[in-house]
Each structure stands twice: as C-alpha cells, then as structure tokens.
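# What the coordinates show
Residues per chain, in single letters:
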Amino acid sequence: MKQQQGDFFGDYHNNDSALDIQGGVVQPPSVNPYLDRVPKKKREIQPASYYIDGIFSGDRTILSQAITLVESSLHSHRAVADEIIAACQRHSSKTESMRIGITGVPGVGKSTFIEAFGSYITSQGHRLAVLAIDPSSERSKGSILGDKTRMETLCNDPNAFIRPSPSAGSLGGVARKTRETILLCEAAGFDVVFIETVGVGQSETAVHSMSDFFLLLMLSGAGDELQGIKRGIMEMSDLIAITKADGTNVDKANMAMALYRNALALFPPTESGWKPTALTSSAVTKAGLEDILRKIKEYFELVKSNGYYLKKRREQARFWMYESINDGLKEMFYEDENISRLLPYYEEAVLEGKLESFSAAGELLAKYKGE
C-alpha cells in the first residue's frame, strides 16, 4: 500500500512524511502578462479655456479633470491650472455660497451624516459639493479614498458632486489644494460646499480658515461628554450636532445636548454676533436634519446682514495669500538644483550625528540665498 502511494504521488513527494506539500495545480499569474503590450493613452492637457467653459457650464467630468490638474505638482500643469483658478476666483467672488466645514472624532459618523444631511440639502433645491479628505499613508503615500463608496446614495444624486482627495502629508487634515477646489466647485454652480476633514491634527484650524460655518459632530454615550469639550474647538464651532440620536441612544443624546448647550453659554460672545448651540441628529431616522439646516441658514442671514460674511471672506483671502507664499517658497527651495544636490549629504550628516539639524538647515538656507 505504501508503495502504491509512493508511485501515485511520486512526482510530488520526496519521502513519506505527512508534512510534505503536494504540488497541486499551477496557478495562473495574478497580473495579465500581456498588460505591458496594451498601449497607454495619455490624456493631453487642453487649453485653459476648455476647462473654464466646461466648469461654467456645470460639466462635472470637466470639473473633475480641472481639479486633478490643479492638484497636480507637475510644472507643465501649473500655468494652465493658475489660469483656471484665476477665472474661477473672479466668478465665485460674485456668488454667495455656503462653505461649511465639518469635523469630528473618528467614529462619529461623518460620512454617514454627510450623506444623510447632503441628500436633505439637495432635496431643498440646493446643489452640493462634498470635498472629502482622506489621510495619506506615511509609508506608501497612498490613500484609500473610500468616501464615494460610503456615500452611495449621495454619489448618484444629480445635484451632488463628491470629490475625495488625499491629504498627501499636508498639515491640517485637508488637501493641499482644497481652497482652490472650493473655488472651482462654486464656479460650477454648487451653492453649498462641505469640507470634511480627517478629524486629526490641526484639521479644525485649517478648515476654519476656509469655511464660513463650522459644524462639529460629537458622540453621546461614549463616557463623560464634558471630556469632549475642549476650549479651542468649542470656540471655533458655530453648531454642535450630537450624532446617532436614535433607538436606545436618544436619551443619552439629549443629555449630551443639554451639557454642550450649558458649556457654550459660558463662552464669550462671538465676533459674528452668532450664539452657537447644540442639536441632536440621526442619519438613520433623519431626525434633526431639518433643524440643523434651519440653524445654518439663520447663521448666514445674520452674518450677511451685519457684514461679517464679507469680512471673514476677506480675512480668509489674506490668510491664503500667506499660505500660497509659504508653499511657493518651499517648492522653490526644494526645486533649486544646488539644494537638490547638497541635501542628501546634509541629511546623511544629520543621521550620522556629524551635524546638528538646526545647523544643517541654516547652512542650506544660507546656500540657497547665495551667502
């Protein structure tokens, strides 16, 4: 019997051990070996007028292409992108859109809330653009960009446009070109823009610098609600929404709402004259969504009547002027041929402990300035 087994599995066994692995069926390659033979079509960059006309006419395909062009770091794309941004900025300055920043701790249900609230907003006759920012991996530099998958209903809404973008290492949990993307979306006719953050790091400050209204999502029933009250984030919030206020969690959500309202009442008056408050909401039952939209519209009516809306927009423009200068100087420094050549040697010296990091930076900056 043993001899018969040996003959039958002779091609696969070197001995009779039960630990031997059978050869099995040879699997086909996971990647098509003929893939390299397929010619790759490169999309040619069109003149700036092509993208501008498409954006103004509301063509979402061309809008997506233009945003990709604006987000590109290639020099060949920069001139066309700058022309598109300039045209859209002139156009969007004539509109009075609602830029709403949305943030919250991971797990609060930002994507679920945005889909439910966004669908309600479009049902009220608005056109909505959602700029969803996904964190980029520090290792692979890639992003999942899964918000379109999570927002299936809103993704199929003809009055909604969802654009996921990688944070790509930018501080603040927002993409490097988020503000420019806002301008393009407004020029395309979207009167409400959501800026969703990853909810980490300095995201609140960054989003606050590019939005008119700041919405903070909070959870209830996750411990002491007052632990979630941090002065910095609370001072920036124009409205707090307690999410997942459904089922057995309704009482906890109402209790959390009362605690946050009491805490907000202790803060000094805001510069806009608006009194922030807290509400409850449910993406499942849709409860509270109407109240949140009503509060947002009340805010915009107030700030437009007292001039704060325009004042804040101008302050944002000033802030992003300096941010653009900082980004430009950074790119010029690293793209300098002399710096590119010397940087690896200075980096190696710092890693080996031969040179202090501050000294290395100082010397490189001095060389960049020609000193």
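My aim in this report is to walk through the structure given alongside it, one point at a time. All residue numbers here refer to positions counted from 1 along the written sequence of the relevant chain. Side-chain atom pairs in this predicted model are given and counted only at pLDDT of 80 or more, local residue features only at pLDDT of at least 70, and totals for whole chains, interfaces and linings cover all residues. Neither water nor hydrogens contribute to the side-chain values; these are computed over all heavy atoms in the structure.

Moving on, we come to the packing of aromatic side chains. Aromatic contacts are taken between Phe, Tyr and Trp rings whose centres are within 6.5 Å, Trp giving its six-membered ring; a plane angle under 30 degrees counts as stacked, one over 60 as edge-to-face, and the others as tilted. Enumeration over the complete set of coordinates arrives at eleven aromatic pairs. Between the aromatic rings of Phe 213 and Tyr 299, the centroid separation amounts to 5.0 Å while the plane-to-plane angle is 75 degrees, which identifies the pairing as edge-to-face. Here Phe 213, found in strand 5 (residues 213–218), pairs with Tyr 299, found in helix 12 (residues 289–305); they are 86 residues apart in sequence, far enough to count as distant. For the pair formed by Phe 213 and Tyr 299, the shared burial category is buried. Secondary structure elements are taken from DSSP: a helix is a run of H or I of four residues or more, a strand is a run of E of two residues or more, and numbering for both begins at the N terminus. Buried residues are those whose accessible area, probed at 1.4 Å on protein chains only, stays under 20% of the maximum for their type, while exposed residues exceed 50% and partly exposed ones sit between those limits.

Neither face of strand 7 (residues 277–280) is left uncovered, since the one carrying Thr 277 and Leu 279 and the one carrying Ala 278 and Thr 280 both have all their residues buried. Bridge count between strand 6 (residues 239–242) and strand 7: four bridges; the pairing is parallel. Residue Ile 240 lies in a different strand from strand 7, and its bridge partner there is Ala 278. Strand pairing requires that DSSP identify at least two bridges connecting the strands.

Looking now at the pattern of salt bridges. Between Lys or Arg on one side and Asp or Glu on the other, a salt bridge is scored when a side-chain nitrogen of the former is within 4 Å of a carboxyl oxygen of the latter. For the structure on display, the rule yields twelve salt bridges. Measuring nitrogen to oxygen at the nearest pair gives 3.1 Å for the salt bridge that ties Glu 71 to Arg 163. Within this pair, whereas Glu 71 is found in helix 3 (residues 60–71), its partner Arg 163 is found in strand 3 (residues 160–166), the two being separated by 92 residues in sequence. For Glu 71, a relative accessible area of 23% puts it in the partly exposed group. One salt bridge connects Glu 315 with Lys 311, and the closest N-O pair in it is separated by 2.7 Å. Taken together, the residues span about one helical turn, with Glu 315 and Lys 311 both in helix 13 (residues 308–335) at a distance of four residues. Accessibility expressed as a relative area gives 31% for Glu 315, which makes it partly exposed.

Here Pro 164 lies in strand 3. Residue class for Pro 164 comes out buried when judged on its relative accessible area of 15%. Taking the C-alpha atoms as reference, Pro 164 lies 8.1 Å from Val 130; in sequence the two are 34 residues apart.

This brings us to helix 12. Its 17 residues place the ends of helix 12 25 Å apart at the C-alpha level, agreeing with the 24 Å of an ideal helix rising 1.5 Å per residue. Listing the buried residues of helix 12 in full gives Leu 289, Ile 292, Leu 293, Ile 296, Tyr 299, Phe 300 and Val 303. Buried positions in helix 12, seen along its axis, are confined to an arc of 115 degrees and lie on one side of it. In helix 12, the exposed positions angled more than 90 degrees off the buried face are occupied by Glu 290, Glu 301 and Ser 305. The elements touched by buried residues of helix 12 are strand 1 (98–104), helix 5 (110–123), strand 5, strand 6, strand 7 and helix 13. Of the residues flanking the end of helix 12, it is Gly 307, one or two places downstream, whose phi is positive at about 85 degrees. Every helix has an expected span of 1.5 Å times one less than the residues it contains. The arc in question is the one spanned by the directions pointing from the helix axis to the C-beta atoms. Here, residues are in contact when the closest pair of their heavy atoms is within 4.5 Å.

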